[in-house]
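Residue-level listing of the chains:
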Amino acid sequence: MSADSTPRRPLSFLTATLRIFDIAVGQLLWSRRTVFMALAAGGPVVLALVLRALDASGVSALRVNGARVGGPVMFGGMIWLLYLRFVVPVLGAFYGTALVSDEVDDRTITYLFTRPIARGSIVVGKYLAYLACTVLVVLPSVMAAYVLLTPIGGGSIAETFPLLLADLGLLALGLAVYGAVFALIGASVPRPLVVSLILVFGWEQLALVVPGYLRQFTVAYYLQSLVPHAMPHDETMTAIQSLFSEPPSAPSSIFSLCLILVVALGFAAHALQTREYVLEQ
Amino acid sequence: MTEAAIVSTEHLSKWYGQVIGLNDVTLSVAGGVTGLLGPNGAGKSTLLKLITGQLKPSKGAVRVLGEPVWGNPAIYLRMGVCPEQDAFYDRMTGLEWLAALLRLQGYGEREAVAAGVAALEQVDLQEAANKRIGAYSKGMRQRVKLAQSIAHSPDLLILDEPLSGMDPLARRKTIRLLRTWAASGKNVIVSSHVLHEIEALTSNILLMHNGRVLAEGNVHQIRDLIDEHPHTVCIRSRHPRELARELVAHDDLLSLRFEDGAVYVQTARPDVFYARLTGMAAADPTGDIYEVTSPDDNLQAVFDYLVKS
């Protein structure tokens with residue numbers, strides 16, 4: 001290309017974001033963490049397969065207060081306890097924190113920082129790539145678990161299908177919000193993964209059981225109020241449910257989650273824009 | 001700061017916590033090729049990172065092509081950066097990587113591929129264009145890194161130790177490429193800890209030591225001092241013993257040893273030695289010699305001498 005046809009204007013934020021997205025999708029899918037993502041998303045499917053196999057062999061897999069638990073209830077429990085409390089936040093932590101820190105650790109961020117693009121577009125483009133990858137892996141895993149579990153005990157796929165759609169939307173929103181929060185942590189602090197895991201398994205668990213307003217400073221509080229499934233009436237489960245006896249309304253939760261997402265992503269972009277990254281030689 | 005300066009700094013300092021990386025540097029770099037010369041830890045990379053906007057000054061100011069650089073992404077339309085670190089997206093091919101970076105420069109899909117191919121041709125990597133970077137040799141990685149910095153035809157090229165790890169032929173070709181680049185009216189700032197590399201590119205140098213610019217000016221002024229000190233060269237070859245046999249036949253060699261599969265030689269006449277090495281590499285089309293590096297201690301000895309005197 002001749003010098004005359006060399007572009008002389010920087011890319012707009014949106015175009016730069018999309019071009020970073022292009023690069024980042026391939027990087028994410030081939031990153032070291034892919035194996036972990038496959039395990040995290042595949043685990044619930046394997047569990048569902050086991051439960052289905054037990055049911056097919058005539059063994060009642062799960063009983064609460066002596067009563068056999070049906071497939072839809074098992075699926076609801078899986079959404080509540082496995083996906084929402086483990087898979088989604090942990091994937092968010094592993095991938096969200098890596099968006100910037102991997103480039104810094106690998107010292108490849110120089111190539112992106114020395115391009116005529118707003119630095120903020122780097123984190124937004126990578127975040128969108130994270131979202132696309134995790135949604136494409138997690139949601140099929142949820143659907144597979146749903147198809148495997150729902151027929152147990154005579155559950156109807158047709159009747160419960162709207163609940164599945166709500167679950168998929170909820171998990172996508174969860175991945176989006178956790179990803180944004182952890183992208184902010186990844187762009188702002190050293191050792192972001194450790195900080196993120198402390199947030200998921202420390203702060204969020206603690207704040208949810210402490211009476212008062214602290215739970216409002218967790219993502220889980222708003223996400224769990226959107227879970228469409230009723231929990232089985234077991235003492236432990238009821239105790240867990242009672243923690244959410246006064247959950248926020250669905251619109252209020254969705255608004256709060258969107259607000260957290262936008263603010264976290266905005267601060268992540270700002271952090272990248274203004275922070276200086278000193279690379280190890 | 002002068003009007004025609006490509007890069008100018010005023011009382012520029014950079015601290016890493018308690019450690020001083022660059023100490024109160026005021027300079028003005030004119031157009032053409034400028035060599036930044038100094039031993040390891042002299043502050044060359046810190047200065048280049050400040051010039052390329054990767055670091056924010058702790059104190060003072062830096063302007064590049066008349067503009068401030070920190071937080072000014074538009075400057076990268078006119079600047080190409082070849083960093084020191086050997087870091088890549090290893091799973092991408094050379095061409096994929098260049099095209100992706102060119103798209104961030106504002107190129108369309110096809111133009112990016114075309115400019116990427118052209119840049120790879122310039123560094124003699126066209127045959128490896130579709131090979132994964134992870135499978136490249138050290139020299140090839142250096143060349144693809146150089147290719148990404150020149151691909152968008154910038155007015156100013158900033159190169160941090162670009163010849164390190166290249167084989168003699170690639171080194172010669174790269175020096176020729178950079179000279180042609182400068183002859184076309186473009187500007188280059190290149191750092192090295194090897195005087196002879198810089199000397200092959202330009203006579204205009206900035207001497208750095210302990211975070212300060214010791215001297216600016218003509219390379220020939222310190223040339224004689226350098227020659228008084230033995231120069232160590234590390235050569236990696238597929239047949240190190242045969243190479244050593246060839247080398248010891250000449251009287252400019254002070255010592256020779258084998259270490260980690262490489263041949264380390266000390267020479268009193270680096271110019272003569274490098275010329276002969278390039279000739280040997282050119283005469284052997286099988287590419288027996290595949291990597292030549294020069295340890296930092298060469299220049300350190302000279303700087304110690306300069307500072308003491």
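This is a predicted model, so every value here is computed, not measured.

**Here we look at the overall build of chain A**
Okay, so step 1: In terms of regular secondary structure, chain A is built from 10 helices and two strands.
Okay, so step 2: In sequence order, chain A lays out its α and β elements as α-α-β-β-α-α-α-α-α-α-α-α.
Okay, so step 3: Here chain A holds 281 residues, and 42% of them are scored as buried.
Okay, so step 4: Nonlocal contacts in chain A, meaning residues at least 24 apart in sequence, comprise 85% of its contacts between residues at least 6 apart.

**Thoughts on the interface of chain A and chain B**
As a measure of interface size, the accessible area lost when the parts come together is often cited.
Okay, so step 1: On the chain B side, the residues contacting the 27 residues of chain A number 30 residues.
Okay, so step 2: Every element with two or more residues in the side of chain A that touches chain B is listed here: helix H1 (13-29) and helix H4 (109-113) of chain A.
Okay, so step 3: Among the elements that take part in the side of chain A that touches chain B, H1 of chain A stands out by supplying four residues, more than any other.
Okay, so step 4: Considered class by class, the residues forming the side of chain A that touches chain B number 15 nonpolar, five polar and seven charged.

**What to know about the confidence of the model for chain A**
Okay, so step 1: Looking at chain A, pLDDT values average 86 and 89% of them are 70 or higher.
Okay, so step 2: The least confident element of chain A is helix H9 (residues 235-242) of chain A, whose mean pLDDT is 57; the most confident is H4 of chain A, at 96.

**Here we look at the nonpolar core**
Okay, so step 1: Counting residues in hydrophobic clusters, the biggest one holds 148 residues, and the most contacted among them are Val 123, Ala 183 and Ala 268 of chain A.
Okay, so step 2: In terms of residue count, the dominant contributor to this core is helix H3 (residues 71-105) of chain A (17 residues).
Okay, so step 3: Apart from residues lying up to four places away in sequence, Ala 268 of chain A is in contact with Val 123, Ala 180, Ala 183, Leu 184 and Ala 187 of chain A.
Okay, so step 4: Grouped together as the second largest cluster of nonpolar side chains are 15 residues, Leu 163, Ala 170, Val 233 and Leu 247 of chain B included.

**Remarks on the sheet that holds strand E11 (residues 231-237) of chain B**
All names here are of chain B.
Okay, so step 1: On the basis of which strands lie adjacent, the open sheet formed by four strands has the order E12-E13-E11-E14 and antiparallel pairing. Each of the sheet's edge strands pairs with one partner strand only, and the pair in question is strand E12 (253-259) and strand E14 (289-293). Neighbour-to-neighbour, the strand axes of this sheet turn through a mean angle of 25 degrees, independent of strand direction.
Okay, so step 2: Where E12 lies against strand E13 (residues 262-267), six bridges are found, and the strand directions are antiparallel. Bridge pairing in E13 links Phe 258 to Val 263.

**Digging into the sheet that holds strand E6 (residues 79-82) of chain B**
All names here are of chain B.
Okay, so step 1: Taking strand neighbours across the sheet as the criterion, the six strands line up as E6-E7-E8-E3-E9-E10 in an open arrangement whose pairing is mixed. Pairing within the sheet leaves two strands with one partner each, and these edge strands are E6 and strand E10 (212-218). Within this sheet the neighbouring strands show an average axis-to-axis angle of 15 degrees, counted without direction.
Okay, so step 2: Two strands pair when backbone bridges link them, and strand E9 (residues 204-209) and E10 are joined in this way by six bridges, in the antiparallel orientation. What sits directly across from Asn 204, in E10, is Asn 218.
Okay, so step 3: Strands in contact with helix H1 (residues 44-51) are strand E3 (33-37), strand E7 (156-160), strand E8 (187-192) and E9; relative to E7, the strand with the most contacts, it is inclined by about 150 degrees.

**Notes on the environment of His 209 of chain B**
Residue and element names in this part refer to chain B.
Okay, so step 1: Counting through the fold element by element, His 209 comes out in strand E9.
Okay, so step 2: Using a count of 22 C-beta atoms within 10 Å as the deciding quantity, one classes His 209 as buried.
Okay, so step 3: Taking C-alpha positions, His 209 is 9.5 Å from Leu 22, a pair spaced 187 residues apart along the chain.

**Brief notes about the confidence of the model for chain B**
Okay, so step 1: Here chain B averages 87 in pLDDT, while 90% of its residues score no lower than 70.
Okay, so step 2: Interface confidence for the predicted complex, given as ipTM, is 0.83, next to a pTM of 0.83.

Reading the values: rules and limits
Residues numbered from 1 in each chain as written. Chains lettered and ligands numbered in written order. Predicted model: local features only at pLDDT ≥ 70, side-chain atom pairs only at ≥ 80, totals over all residues. Helix = DSSP H or I, 4+ residues; strand = E, 2+ residues; numbered from the N terminus. Buried ≥ 20, exposed ≤ 12 C-beta atoms within 10 Å, placed from the backbone. Contact = placed C-beta atoms within 7 Å. Nonpolar A, V, L, I, M, F, W, Y, C, P; charged D, E, K, R; others polar. pLDDT = per-residue confidence, 0-100. Core = buried A, V, L, I, M, F, W, Y, C linked by C-beta atoms within 7 Å. Pairing = 2+ DSSP bridges. Axes fitted to C-alpha atoms, helices over the stretch in contact; angles between N-to-C directions.

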